[in-house]
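# Structural overview for review
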Amino acid sequence: MVKKNILKYLPSLTKRLSLPSHSRTRTPFYSLPSLLLSSFQVHWSTSHCSQHLTQEQPHTSEKDRPRRNNLSQQESERKATHGVAMESFMKGIRGDAPCVLDMDPTHTVGGGVEDFYGEDHATEDQLVTPWTISVASGHTLLRDKRHNKGLAFTETERDTHYLRGLLPPAISSQELQERKIMKNLRSYEVPLQRYQALMDLQERNERLFYKILINNVEELLPVVYTPTVGEACQKYGSIFRRPQGLYISLKEKGKILEVLRNWPERSIQVIVVTDGERILGLGDLGCQGMGIPVGKLSLYTALGGVRPSACLPITLDVGTNNETLLNDEFYIGLKQKRARGQEYADFLQEFMTAVKQSYGEKVLIQFEDFANHNAFELLAKYGTTHLVFNDDIQGTASVVLAGLLAALKVVGGTLADHTFLFLGAGEAGTGIAELIALEISRQTKAPLEETRKKLWLVDSKGLVVSSRNESLQHFKKPWAHEHEPLKTLLEAVQAIKPTVLIGTSGVGQTFTQEVVEAMASFNEKPLILALSNPTSQAECTAEQAYTWSKGKAIFASGSPFDSFEYDGKKFVPGQANNAYIFPGFGLGVIMCGAIRVHDDMLLAASEALAKQVSEENYANGLIYPPFTNIRKISANIAASVAAKAYELGLASRRPRPDDLVKYAESCMYTPVYRNYR
């Protein structure tokens, strides 16, 4: 029926649009999509369009090509005419059926960004069109990661899309493909080989990549995320094959808006950006820190259900102070020292302004692995003007607070009944401390200045105390309490007698046997969190915590550790992984159209995560739920975050859905293969 309607209207349309004769030489169905671009308002870079120019549309050089924002009046009028003609034509084809363009934006996800392709509105059984710059077919379709299905193309699809001879005759299901990939991955002995294989899969078959990641999340999370991603960043220059995000360097200063327009997708909802100065616990990796934004956004999709096309990884290359990289012939970034001061601030200001200009007010910008001195300043500066989130400060704090709230059912009491000691007073440590203090203040109605006194910090110079105020960085000063100076962590543990010990130092093996034994000597169930990543930088291992505490410790870490048996009892260490929080948090922000991030939204995310821990989990010593249920967990976190945004008046999407959990689940990207017309 659809094809008959297309054939019916095509002659009048081609006449009306004055199409070149070659547009009618092949099946009309395949000529149609290129006519729809103006109606769908899809942006394509000139480099993409040039691949499809014909003799009647001569290719112009970069020098002669008119810029998009300076179109002549004649060109603008022609596009407007084509858009009106196209819309009239489509209404004739679809009759009374709803159109993606006509749908009420309150029923679509995006915080103001719509699903141009209609894929998220179609059921799994409905046919969808594999849009690229036109309908993808043949070799182009097999090279398009969004629509490629490999051997899963059906007989009909192979005929319709000119795939005969380009594929072997066998037809595989997506499930069979998944089993094959997993078998191959498990055959690799080196984790970095698994990482490279997964990244290659992501670049050639997007849906299969995410299906495998979702179905095997506990096994593959350490590969696409910490700890393997740390090694990948260290060797990124050597394993680099093709770009997976945008690289914006100091060379592009003054042209950042143009660089953003080079990215082929326009409907961006989440940006993860790093300058590579503090990658995990590995230090300054410069431009090679791109592995972090790529990995984080893979989890936004797999765990939070944000569409891959709505995610944009960005690395800001402002140089590096890593001498090894500067002398490495394979280093892919700028070989110069890092920009500092006003030059750095101006570069970031241009970037933030360009992002808002390109993608609007409601694009979520997640700062990732910036050094302490920049992380706090950027969050403070742009927190009131942009929708920004720092995962190292806020995400880590939220996931740790969730673990503490859950642990209360095991150790007893309230947060206010406990004393907290941190090893590490950087962005993670102070961020966690601040959120805990806020939650205690909310629960007890006590002033924040009072609740902060329950939390103590140790940095490289010893216990943070008031007598050190003049030499302390500004973000440490709220935690400088009255106490005699102490030089070591062990001295601080013995003097403060904390019930909770939290490590965010980025230095491995700093929770020594003496420290853990001291914790166990005055706590029936000491709570020990060794949060530094990757595994090599953890303050202690799970085995050490359980052995030195004689099985008394409740332990969680930033990177995963295997279960351990002590004195006939099996202990399963928890993982305080930010991946519990940021995918669901991001989904919640997007689906309600939030315009700013508020601390209460982080508290809501923590409480939602803590509620997902079951009695069975507690019985196994876990204070976090298993990752096997992560999509359900993310939906509940998203609902809680959105509910708090509506309560605070920060949500712009109206009306508010009645059931936010169901709405969150309905918004999630599903990587099941679609059937093509």
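The model shown is predicted, which means the values in this text are computed figures rather than measured ones.

### Brief notes about the overall build of the protein chain
- Counting its secondary structure elements, the protein chain contains 29 helices and 16 strands.
- Of all 677 residues assigned to the protein chain, the portion counted as buried reaches 57%.
- Taking contacts inside the protein chain between residues at least 6 apart in sequence as the whole, the part at least 24 apart equals 72%.
- In the structure as shown, the protein chain presents an accessible area of about 29,300 Å², 50% of it carried by carbon and sulfur atoms.

### Here we look at the packing of aromatic side chains
- Scanning the model with the defined rule gives 16 aromatic pairs in all.
- Their ring planes at 65 degrees and their centres at 6.1 Å tell us that Tyr546 and Phe555 sit as a pair that is edge-to-face. Summarising the burial analysis for this pair, Tyr546 and Phe555 share the class buried.
- One aromatic cluster is present, formed by Tyr546, Phe555, Phe561, Phe564 and Phe571 through successive ring pairs.
- Positioned over the ring face of Phe522 is Lys497, at 5.7 Å from the centre of the ring.

### What to know about the environment of Asp599
- As for its position among the elements, Asp599 is in helix α26 (residues 599–610).
- Looking at Asp599, the relative accessible area reads 33%, which means it is partly exposed.
- Non-local contacts of Asp599, meaning those with residues more than four positions away in its chain, are made with Gln394, Leu435 and Leu438.

### A few points about the pairing of strand β8 (residues 455–459)
- In terms of burial, β8 is largely enclosed, as five of its five residues are buried.
- Burial along β8 is two-sided: Leu455, Leu457 and Asp459 facing one way and Trp456 and Val458 facing the other are all buried.
- Of the pairings in the sheet, the one linking strand β7 (residues 420–423) to β8 comprises four bridges and is parallel in character. Its bridge partner lying in β8, Leu423 is registered against Val458.
- As judged from the two bridges shared by β8 and strand β9 (residues 462–463), these two strands associate in the antiparallel manner. Within the sheet, the bridge partner assigned to Val458 lies in β9 and is Leu463.
- Counting the residues that bridge the hairpin from β8 to β9 gives two residues.

### Let's talk about helix α29 (residues 660–667)
- Among the residues of α29, those classed as buried are Leu660, Tyr663, Ala664 and Cys667. When α29 is viewed along its axis, its buried side chains cluster within an angular range of 100 degrees and face the same direction. Turned more than 90 degrees from where α29 packs its buried face, Lys662 and Ser666 sit exposed.
- Looking at the buried positions of α29, the neighbouring elements they touch are α25 (582–592) and α28 (630–648).
- Two to three positions downstream of the cap, the backbone nitrogen of Val661 sits 3.2 Å from a side-chain oxygen, assigning the N-cap of α29 to Asp659.

### Things to note about the pattern of salt bridges
- Across all of its chains, the model carries 29 salt bridges by this definition.
- Among the salt bridges present, the one from Asp459 reaches Lys476, with a minimum N-O distance of 3.1 Å. Taken together, the residues Asp459 in strand β8 and Lys476 in the loop between β9 and α22 (489–496) connect sequence positions 17 residues apart. Exposure class is identical for Asp459 and Lys476. Each is buried.

### What to know about unusual backbone geometry
- At the junction of Thr226 and Pro227, the peptide bond is cis and its omega measures out at 10 degrees in the coordinates.
- As for its position among the elements, Pro227 is in the loop between α11 (217–224) and α12 (228–234).
- Following Asn533, the chain continues into Pro534 via a peptide bond in cis, with omega recorded as -10 degrees.
- Assignment of secondary structure puts Pro534 in the loop between β11 (527–530) and α24 (542–548).
- For Lys497, which is not glycine, the phi torsion reads 55 degrees and is therefore positive.
- Mapped onto the elements of the fold, Lys497 is located in the loop between α22 and β10 (500–503).
- A positive phi is found at Lys550, a non-glycine position, where the angle reads about 55 degrees.
- With respect to the element layout, Lys550 can be found in the loop between α24 and β12 (554–557).
- Given a relative accessible area of 59%, Lys550 falls into the exposed group.

### Considerations on the UniProt feature "active site" (unreviewed entry) in the protein chain
- The residues that UniProt annotates with the feature "active site" (unreviewed entry) are Tyr225 and Lys296. Over a stretch of 72 residues, the named residues converge on one spot in the fold, their C-alpha atoms separated by at most 7.3 Å.
- Along the chain, Tyr225 falls in the loop between α11 and α12.
- Given a relative accessible area of 8%, Tyr225 falls into the buried group.
- Setting aside chain neighbours within four positions, we find Tyr225 in contact with Lys296, Leu299, Asp391, Asn577, Asn578, Ala579 and Phe582.
- Inspection of the secondary structure puts Lys296 in helix α15 (residues 291–304).
- Overall, Lys296 belongs to the buried group, its relative accessible area being 2%.
- Every residue in contact with Lys296, bar those within four places of it in the chain, is listed here: Tyr225, Val272, Gln366, Glu368, Asp391, Asn578 and Phe582.
- A polar contact is formed between the side chain of Lys296 and the side chain of Tyr225, at a distance of 2.6 Å.

### Topic: the nonpolar core
- Counting residues in each nonpolar core, the largest one holds 122 residues, and the members touching the most others are Ile436 and Phe585.
- Setting aside chain neighbours within four positions, we find Phe585 in contact with Phe389, Val597, Met601, Leu602, Ala605, Ile637 and Val641.
- Listed in part, the 37 residues of the second largest apolar core include Ile271, Val273, Ile314 and Phe370.

### What to know about helix α9 (residues 191–204)
- Over its 14 residues, α9 extends 20 Å from the first C-alpha to the last, a length consistent with the 20 Å expected when each residue adds 1.5 Å.
- Regarding α9, the residues found buried are Leu192, Tyr195, Gln196, Leu198, Met199, Leu201, Gln202 and Glu203.

### Looking at the sheet that holds β8
- Taking strand neighbours across the sheet as the criterion, the seven strands line up as β9-β8-β7-β10-β11-β12-β15 in an open arrangement whose pairing is mixed. Lying at the two open borders of the sheet, with one neighbouring strand each, are β9 and β15 (574–575).
- Together, β7, β10, β11 and β12 form the strand contacts of helix α19 (residues 391–411), whose direction differs from that of β11 by roughly 155 degrees.

### A short note on the packing of α15 against α25
- One way to put it is that α15 packs onto α25 with a least axis distance of 8 Å and a crossing angle of 75 degrees. The angle between α15 and α25 places the two elements in the roughly perpendicular class. Every residue of α25 that contacts α15 at Lys296, Leu299, Tyr300, Leu303 and Gly304 is listed here: Phe582, Pro583, Gly586 and Leu587.
- For the contact of α15 with α25, the residue count by class is six nonpolar, two polar and one charged.

### Describing the sheet that holds strand β4 (residues 311–317)
- Taken in spatial order, the five strands line up as β2-β4-β3-β5-β6 in an open sheet, and their pairing is parallel. Only two strands of the sheet have a single neighbouring strand rather than two, namely β2 (246–249) and β6 (388–390). Between one strand axis and the next, the sheet turns through 25 degrees on average, direction left out of account.

Criteria and cut-off values
Residues numbered from 1 in each chain as written. Predicted model: local features only at pLDDT ≥ 70, side-chain atom pairs only at ≥ 80, totals over all residues. Heavy atoms only, no water. Helix = DSSP H or I, 4+ residues; strand = E, 2+ residues; numbered from the N terminus. Buried < 20%, exposed > 50% of the residue type's maximum accessible area, 1.4 Å probe, protein only. Contact = heavy atoms within 4.5 Å. Areas by Shrake-Rupley, 256 points an atom, 1.4 Å probe, with all protein chains shown as cover. Phe/Tyr/Trp six-rings, centres within 6.5 Å; stacked < 30°, edge-to-face > 60°. Lys NZ or Arg CZ within 6 Å of the ring centre and 35° of its normal. Pairing = 2+ DSSP bridges. Arc of directions from axis to C-beta. Polar contact = N/O pair within 3.5 Å; in protein donor to acceptor, adjacent residues only side chain to side chain. Salt bridge = Lys/Arg side-chain N within 4 Å of Asp/Glu carboxyl O. UniProt positions renumbered as here; feature names shortened; annotations may be inferred. Core = buried A, V, L, I, M, F, W, Y, C linked by side-chain atoms within 4.5 Å. Expected span 1.5 Å × (residues − 1). Axes fitted to C-alpha atoms, helices over the stretch in contact; angles between N-to-C directions. Parallel < 35°, antiparallel > 145°, perpendicular 65-115°, else oblique. Nonpolar A, V, L, I, M, F, W, Y, C, P; charged D, E, K, R; others polar.

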